[in-house]
Amino acid sequence: MERMELEKTLPIEWNKVLIMGNWSYRNMGDELILLWTIRLLQKQWKEVVVSAYDVNWLKSFFSQFTDLKPITYLHEFPKWVRSFCRYFFSKIKRELRIYKSVDSVIIWWGEILTEESPNSYWYWLAWLIPLWSKLDKVNVYLMWGIQIPEKKWNTKLFDLLLSKVKYIYARDNESVEALHEYWFKNAEFFVDTSWFAYSWSWIKREVEHSKVALINLNKNGEKFFDDLVLQCESLLSNWYTIKYVPVSKWSNKVYNDLYYKEVLEKKLLTKFEVLDWEESFANFAQNVKNADIVVTARLHLFLVASFLGVETKVYPYQMKILKMKKIIQDFFEE
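Enquirer: Mind laying out the sheet that holds strand S9 (residues 240–244), listing which residues take part and the relevant values?
Expert: With parallel pairing, five strands are arranged side by side in an open sheet as S10-S9-S8-S11-S12. Among the strands making up the open sheet, the edge pair consists of strand S10 (273–274) and strand S12 (312–314). The sheet contact formed by strand S11 (residues 293–296) and S12 spans three bridges and is parallel. In the sheet register, valine 295 faces S12, and the bridge partner there is lysine 313. On the sheet, helix H9 (residues 257–268) packs against strand S8 (211–215), S9 and S10 and is oriented at approximately 145° with respect to S9.

Structural data, given as structure tokens:
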């Protein structure tokens, strides 16, 4: 794992780079991907602009990483009618001039193009609307999970998007091969940048007498609820202390892992301590390293535990988890 050099660069041309796709839904995986994407660009002396849903929260979270150079933050461009009206009847619309000043654009967000996520092909095409008039002068890059659509309308949107894209960096080889077979040749593998987000190898396990397990459940992993209950019962019977990790902490049920903490507690008639990642990521990473096992349906809790060499049990609610599990396994075997 340590052969992956931190100096590896992300080949993005020109100087002023806009990163689009951060929802700022307090999702650890999204923030880690963004964090080291920024670091990779800043190592190349790029001027970084970030478009985000919740600018103030993202600034606050990134303030604990004192090595980051200054970043320009923009409010994300609206995708639907009501948000569009709010945007254009506020002072935020003045940010459009900054959108139009960039040289290159990176569009990313986890499994960004997949029919597992409704409207994703339209949604990511819509990100480019503020730049549409100058797309012939801007380099557009896609990153992370890409699936070739099967539905006719999604195929048309996908082809339109690809016609504007210079290069794709996918975090799994299956996406790269599928793109090559489709018709888009400018695609290659680039490891999930959350690997670069933190100095994982510097964290050493602190010896503890008690056995600790970290668990997580979310909306997408509901179908594994009974399996997780059995896993927790087994851990508790073997005298493990169980801590709950809310990887995503947004306000609605889909993105609020704390809701499922309460559901599990009622089922198991016990209370779990919360291990938070937001206020001090350094403390969080140390606690993951100290754990004996991590049980999760969240991709980036699985990845962080894997980066730290902690035993994991993952429930693959979506194809992206199986893909990344294979990438990690292959990486360790090299």
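The discussion continues.
Enquirer: Break down the pairing of S9 for me, with residues and values.
Expert: Direction of pairing for S8 relative to S9: parallel, over a ladder of five bridges. By the bridge assignment for S9, isoleucine 215 is matched with tyrosine 244. Between the parallel elements S8 and S9, the chain passes through helix H8 (residues 225–237) in a crossover that is right-handed.

Enquirer: Please provide a residue-by-residue account of the nonpolar core, values included.
Expert: Counting 59 residues, the largest nonpolar core has Ile38, Val50, Phe62, Ile106, Trp200, Phe281 and Phe284 as the members making the most contacts within it. The leading source of residues in this core is helix H1 (residues 28–43), at nine residues. In this view, tryptophan 200 contacts Leu32, Ser194, Trp195, Phe281, Ala285, Val304, Phe307 and Leu308; residues no more than four positions away in its chain are not counted. Core analysis: the second largest hydrophobic core is formed by 38 residues, Phe77, Val102, Leu125 and Trp127 among them.

What counts as what
Residues numbered from 1 in each chain as written. Predicted model: local features only at pLDDT ≥ 70, side-chain atom pairs only at ≥ 80, totals over all residues. Heavy atoms only, no water. Pairing = 2+ DSSP bridges. Helix = DSSP H or I, 4+ residues; strand = E, 2+ residues; numbered from the N terminus. Contact = heavy atoms within 4.5 Å. Axes fitted to C-alpha atoms, helices over the stretch in contact; angles between N-to-C directions. Right-handed = clockwise from strand over helix to strand, strands pointing away. Core = buried A, V, L, I, M, F, W, Y, C linked by side-chain atoms within 4.5 Å. Buried < 20%, exposed > 50% of the residue type's maximum accessible area, 1.4 Å probe, protein only.

That's the geometry; what it means functionally is another story.
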